[in-house]
Number of protein chains: 2
Amino acid sequence: MPALDLLIRGGTALTLTDDRPRIQPAVIGIRDGLITLLEEGSATESRSDLSAAETLHAAGTIILPGLVNTHTHLPMTLFRGLADDLPLMDWLNHHIFPAEARHIHPDTVYAGSLLALAEMILSGTTTFCDGYFYEERVAQAALDAGMRGIVAEGFLDPPPPQAPDTPAQVRRAERFLARWQSISPLVTPALFLHSPYTCSPASLTAVKDVARHHGALCCIHVAETREEAAIIRKRYGTTPVRHLHRLGVLDDKTLAVHVNWVDEEEMTILRDCGAAVSHCPESSMKLAAGIAPVPALLARGIPVGLGTDGCASNNDLDLFGEMDTAAKLHKIQLDDPTVMDAQTVLGMATRGGARCLGLDDRIGTLSLGSAADLIIVELKNKPHLTPLYNPWSQLVYAASGADVATVIINGRIVLRDRRLVTIDLSAVIADVERIADRIRSS
Amino acid sequence: MPALDLLIRGGTALTLTDDRPRIQPAVIGIRDGLITLLEEGSATESRSDLSAAETLHAAGTIILPGLVNTHTHLPMTLFRGLADDLPLMDWLNHHIFPAEARHIHPDTVYAGSLLALAEMILSGTTTFCDGYFYEERVAQAALDAGMRGIVAEGFLDPPPPQAPDTPAQVRRAERFLARWQSISPLVTPALFLHSPYTCSPASLTAVKDVARHHGALCCIHVAETREEAAIIRKRYGTTPVRHLHRLGVLDDKTLAVHVNWVDEEEMTILRDCGAAVSHCPESSMKLAAGIAPVPALLARGIPVGLGTDGCASNNDLDLFGEMDTAAKLHKIQLDDPTVMDAQTVLGMATRGGARCLGLDDRIGTLSLGSAADLIIVELKNKPHLTPLYNPWSQLVYAASGADVATVIINGRIVLRDRRLVTIDLSAVIADVERIADRIRSS
């Protein structure tokens, strides 16, 4: 019996660890879903523990941990390009919310999620954190695709004068977490509070209590727009972050999404609570929502990951593009080309994201004993990746998701030479096209 | 003899014209390098003028005018990723200028340009405007690759105390324009003044006079950074645009590049002179140089095109990424998600760019009689381009250069199913790798 399930030989491995950031040429052994060998090639030529069921020859590539997308609404692939370049509230109230009300149900959630998973795998993402409704169908799609994900069931109060049914929310939260808690090492259940302006204080605290009781992550859009800040100010006389803090919602199992409008003291609150931040620069730019003060958050030691947000406001799920934009946006905003250097940004998209999701004991770096979630970026015969002086810079500033050749999640190859292994792409696209036809004609 | 050299059938054609923006399914006929047929498919099934030497079946694609990159320094592909995330003057004075002094000569310019042309063709650019030194080698590369380009020979005074040799500059400018004026319909010679802070008033006026005498375009970096504005203020007591205006350098054959720092009156000056602007958002973000007031320039009727700038400050030549960034950057800067909508941005990257370069009588739209410079974007089996509600939005917000399947320049197929027809990519990459080895070890 071979000692390894999979062996990768050659290429430049960027480990995203501090002690040995680059290994070249790399020898990476995988067994039972874990990285069990991680060495420089030259020293390992004739060892018997290098026998493997399969060997990938990776000369001329960069190997790195799979990217972590800390904020998505996967089923919204169904609305990609349906409404763009509109004022935010017009976009939301007259296009997105009505389309969701009409077309989102368990079957469409599953189809849209599988399309999203295909897109993410094809662009090098191996872990996502999704917040939506009918999230059990997102979970099922992830299991079917062999993708790692945090699936966060969504909570949003009905618009007044309807009252939220808090006991029903609590039951749904309990049921979701209990159902998915131990299904698979790939899928971790969580809860998603839509925002401090769409969830009442009672809902926020009740749902967060359920999450806390189960040790589950709780995600929430916070301080995305100035409009939100004005609403919270009017209703509660304070800012979104302080409002959540007073309610006891912020802790080290809270992922605050966007965080575009925060002052110094609020950053200190986030840090002291141990909360993490998901930064979605492209979505916030496209909606003119705001710019998160990421360098300041990072300077305080707050975990920050990258997210694409949903496809209705981006309009893709490619974290390579997101890295490029994140690096450039903060340079121009802060008038400082040295901030958000390529290594920092790549760190946000990998180990930073893993830390945000509470998965940093398993993923986010290439380390002995960590889960074998890794991607292989092909450099050969690519003019835009030639020459190679600095692999970090090349990945952030020149590569795109289309350069990812191979994706491995939990030791399993899910993309091989850009062919999806676990997803029947033609069938998924046919399903989505049928749904899109209904959306077009509605 | 067939009536057409090339026939394209099917797909959605975005013409970038006002009268008939979308033709679906499209029938496009090409003969002698020109578009000679442009109709909807249903009406043209059995016509004899549809016989063609070659037919491309384009169902499931978007066909659009080839993209126009209005500002590049092609040979700087050689320095891609050599120095990033540095203060601008450190980057320029301690990395880029020394690397250029040591490694830029006619042979390296040719190799770096061919690499750039390969990258541009692979990402859907059919026309470029380049400014560099040994520009005759860029011109030769364009001819060899079958690419359309404006090749602008560069002028830059030596640093003081050396004095510029203005008569020598004039002779070089004259020689360059005379040599390349009538070589090919593809390559148009022009002149490139580096900037108002690196060229003396005498050099600016003398070189511009030569351009004017030949009816040639004159490109110049203007108002890129606040540092430049401060230098011009100190030396001449005014702003960069006013300085150039007083010298008589601005006219309708001037392409002002960057234009990040201009006031209302300077925009009026640019408009009244008929000058055009090249907008390079990614480069200006990465160097923290500034943000051009593009919506205000467009509102004044000033022609604005998109540019990538050189690969040392971007770090790629993909105009799809540039469109996405341009659309999002101005939304967030102006706090208005309705500015720079997808159609406007796609217009900048095509007919806007053509107008900037004085080529709008030939390229920039799909029109009867225009040059057959067009690209075909493949949508089939692409999760990130599914579903398709709005082709403009899909191209700007979701597509990347890697989605371009076919590129036609002047009626000739130069990219076929993502394979370069006119460039020996392996040989080009091998040449560049040899140069990069020398750069690494220097």
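Residues numbered from 1 in each chain as written. Chains lettered and ligands numbered in written order. Predicted model: local features only at pLDDT ≥ 70, side-chain atom pairs only at ≥ 80, totals over all residues.

### Some words on the overall build of chain A
Just so we agree on the cut-off: Secondary structure elements are taken from DSSP: a helix is a run of H or I of four residues or more, a strand is a run of E of two residues or more, and numbering for both begins at the N terminus. Using C-alpha atoms as the atom set, the radius of gyration is obtained and then compared with a globule rule of 2.2 Å times the number of residues to the power 0.38. Exposure classes come from backbone-placed C-beta atoms, where a residue is buried if 20 or more other C-beta atoms lie within 10 Å of its own, exposed if 12 or fewer do, and partly exposed in between.
Helices and strands together make up the secondary structure of chain A, namely 14 helices and 19 strands. The C-alpha atoms of chain A give 21 Å as radius of gyration, which agrees with the globular expectation for 442 residues (22 Å, within 12%). Its C-alpha atoms give chain A principal-axis dimensions of roughly 75 × 45 × 40 Å. Expressed as a percentage of its 442 residues, the buried residues of chain A come to 60%.

### Some points on helix α13 (residues 391-398) of chain B
To be explicit about the condition: The contact rule is simple: place each C-beta atom from the backbone, and if two of them lie within 7 Å, those residues are in contact.
For α13(B), the buried fraction is high: 8 of the 8 residues fall into the buried class. Structurally, α13(B) contributes buried residues whose contacts are with β2 (12-14), β7 (61-65), α11 (319-334), α12 (342-356) and β16 (374-378) of chain B.

### Looking at the sheet that holds strand β15 (residues 304-306) of chain B
Residues and elements named next belong to chain B. Put simply, the test is: Whether two strands pair comes down to DSSP finding at least two bridges between them. Each axis is a line fitted through C-alpha atoms, taken for helices only over the stretch in contact, and angles between the N-to-C directions span 0 to 180 degrees.
Spatially, the 8 strands line up as an open sheet ordered β8-β9-β10-β11-β12-β13-β14-β15, and their pairing is parallel. Two strands close off the open sheet at either side, each with one partner strand: β8 (67-72) and β15. Each neighbouring strand pair of the sheet contributes to a mean axis angle of 25°, computed without reference to strand direction. Pairing between strand β11 (residues 187-193) and strand β12 (residues 218-222): 3 bridges, direction parallel. Paired with Leu-191 across the two strands is Cys-218, which belongs to β12. Seen against the sheet, helix α2 (residues 106-122) touches β8 and β9 (125-132) and runs at an angle of roughly 150° to β9.

### Some remarks on the domain arrangement of chain A
Residues and elements named next belong to chain A. Here is the rule: Each domain's extent is set by a domain assignment, obtained either automatically or from a database. As a working rule, the residues Ala, Val, Leu, Ile, Met, Phe, Trp, Tyr, Cys and Pro are called nonpolar, Asp, Glu, Lys and Arg charged, and the rest polar, with Gly in that last group.
Domain parsing of chain A yields domain 1 (4-65 + 362-418) and domain 2 (67-356). Each of domain 1 and domain 2 was reduced to a C-alpha centroid, and the two centroids are 29 Å apart. Taken together, the contact pairs 24 residues of domain 1 with 28 residues of domain 2. Elements with a contribution of two residues or more to the side of domain 1 that touches domain 2: β7 (61-65), α13 (391-398), β17 (404-409) and β18 (412-416). For the side of domain 1 that touches domain 2, the leading source of residues is α13, giving 5 residues. Residue composition of the side of domain 1 that touches domain 2, by class: 15 nonpolar, 6 polar and 3 charged.

### Remarks on the relation of the copies chain A and chain B
The two chain copies are related to each other by a rotation about an axis together with a translation along it. Put simply, the rule reads: What sets the superposition is a least-squares fit of C-alpha atoms, and only residues with pLDDT of at least 70 in both copies go into it.
Mapping chain A onto chain B calls for a rotation angle of 180° and an axial translation of 0.0 Å; the resulting RMSD is 0.0 Å. A rotation of that kind, with that shift, is consistent with a two-fold axis. Scanning chain A for the C-alpha nearest the rotation axis identifies Ala402(A), at a separation of 3.3 Å.

### Some points on the sheet that holds strand β6 (residues 52-57) of chain A
Residue and element names in this part refer to chain A. With respect to topology, 4 strands assemble into an open sheet ordered β5-β4-β1-β6, the strand pairing being mixed. Whereas interior strands pair on both sides, the edge strands pair on one side only; in this sheet they are β5 (34-40) and β6. Each adjacent strand pair in this sheet contributes to an overall mean axis angle of 15°, direction not counted. Judged from the 5 bridges that link them, strand β1 (residues 4-9) and β6 form a sheet pairing that is parallel. Each residue of the ladder has a partner; that of Arg-9, found in β6, is His-57.

### A short note on unusual backbone geometry
Of the consecutive residues Pro160(A) and Pro161(A), the connecting peptide bond is found in the cis state with omega at 10°. Position of Pro161(A) among the secondary structure elements: in the loop between β10 (148-155) and α4 (166-180). Omega for the bond connecting Thr386(B) with Pro387(B) falls within 30 degrees of zero, at -15°, which places this linkage in the cis form. One non-glycine residue, Asp85(B), lies in positive phi territory at about 60°.

### Brief notes about the interface of chain A and chain B
Counting residues at the interface gives 54 residues for chain A and 54 residues for chain B. Broken down by class, the residue content of the side of chain A that touches chain B amounts to 26 nonpolar, 13 polar and 15 charged.

### Details of the packing of helix α11 (residues 319-334) of chain A against helix α12 (residues 342-356) of chain A
All names here are of chain A. Formally: Throughout, the term roughly parallel applies to angles under 35 degrees, roughly antiparallel to angles over 145, roughly perpendicular to angles from 65 to 115, and oblique to all others. Helix crossings get a hand from a simple test, with the near helix turned counterclockwise from the far one by less than a right angle marking a left-handed crossing and a clockwise turn marking a right-handed one.
It is the contact of α11 with α12, at a shortest axis distance of 10 Å, that shows an interaxial angle of 135°. The orientation of α11 relative to α12 falls into the category oblique. Seen from above, α11 lies across α12 with right-handed handedness. Contacts between α11 and α12 involve Leu-319, Met-323, Ala-326 and Ala-327 on the former and, on the latter, Ala-342, Val-345, Leu-346 and Ala-349. Considering only residue class, the contact of α11 with α12 consists of 8 nonpolar, no polar and no charged.

### Considerations on the environment of Leu88(B)
Along the chain, the position of Leu88(B) falls in helix α1 (residues 88-103). When the C-alpha atoms of Leu88(B) and Gly11(B) are compared, they prove to be 45 Å apart, with 77 residues separating the residues in sequence. Not counting the four nearest positions on each side in its chain, Leu88(B) is found in contact with Pro337(A), Thr225(B), Leu287(B) and Ala289(B).

### A few points about the pairing of β8(B)
Residue and element names in this part refer to chain B. Of all 6 residues in β8, 6 are buried, a share of seventy percent or more. Strand direction decides the pairing type here: β8 and β9, joined by 4 bridges, are parallel. By the bridge assignment, Val-68 is partnered in β9 with Thr-127.

### Concerning the nonpolar core
The cut-off we apply is this: In these notes, a nonpolar core means any group of buried Ala, Val, Leu, Ile, Met, Phe, Trp, Tyr and Cys residues linked to one another through C-beta atoms within 7 Å.
Counting 302 residues, the largest nonpolar core has Leu117(A), Leu191(A), Leu117(B), Ala190(B) and Leu191(B) as its most contacted members. When neighbours within four sequence positions are excluded, Leu117(B) is seen to be in contact with Ala141(B), Ala142(B), Ala145(B), Met147(B) and Ile423(B).

### Notes on helix α1 (residues 88-103) of chain A
Here is the rule: The angle between axes fitted to the seven residues ending at a residue and the seven residues starting there is what we call the bend at that residue.
The sharpest bend along α1(A) measures roughly 30° and falls at Ile96(A), with the proline Pro98(A) sitting one to four residues further on. By the burial criterion, the buried members of α1(A) are Trp91(A), Ile96(A) and Glu100(A).

### Comments concerning the pairing of strand β17 (residues 404-409) of chain B
All names here are of chain B. Burial within β17 is extensive, with 6 of its 6 residues counted as buried. Pairing between β17 and strand β18 (residues 412-416): 3 bridges, direction antiparallel. Counterpart to Ile-409 in the pairing with β18 is Arg-412. In this structure, the hairpin formed by β17 and β18 is closed by a connection of 2 residues, where Asn-410 is found at a positive phi of approximately 55°.

### Focus: the environment of Asn390(B)
Among the structural elements, Asn390(B) can be located in the loop between β16 and α13. Note: C-alpha distance between Asn390(B) and Ala342(B) (48 residues apart in sequence) is 9.5 Å. Once residues within four sequence positions are removed from consideration, Asn390(B) is found in contact with Gly81(A) and Asp84(A).

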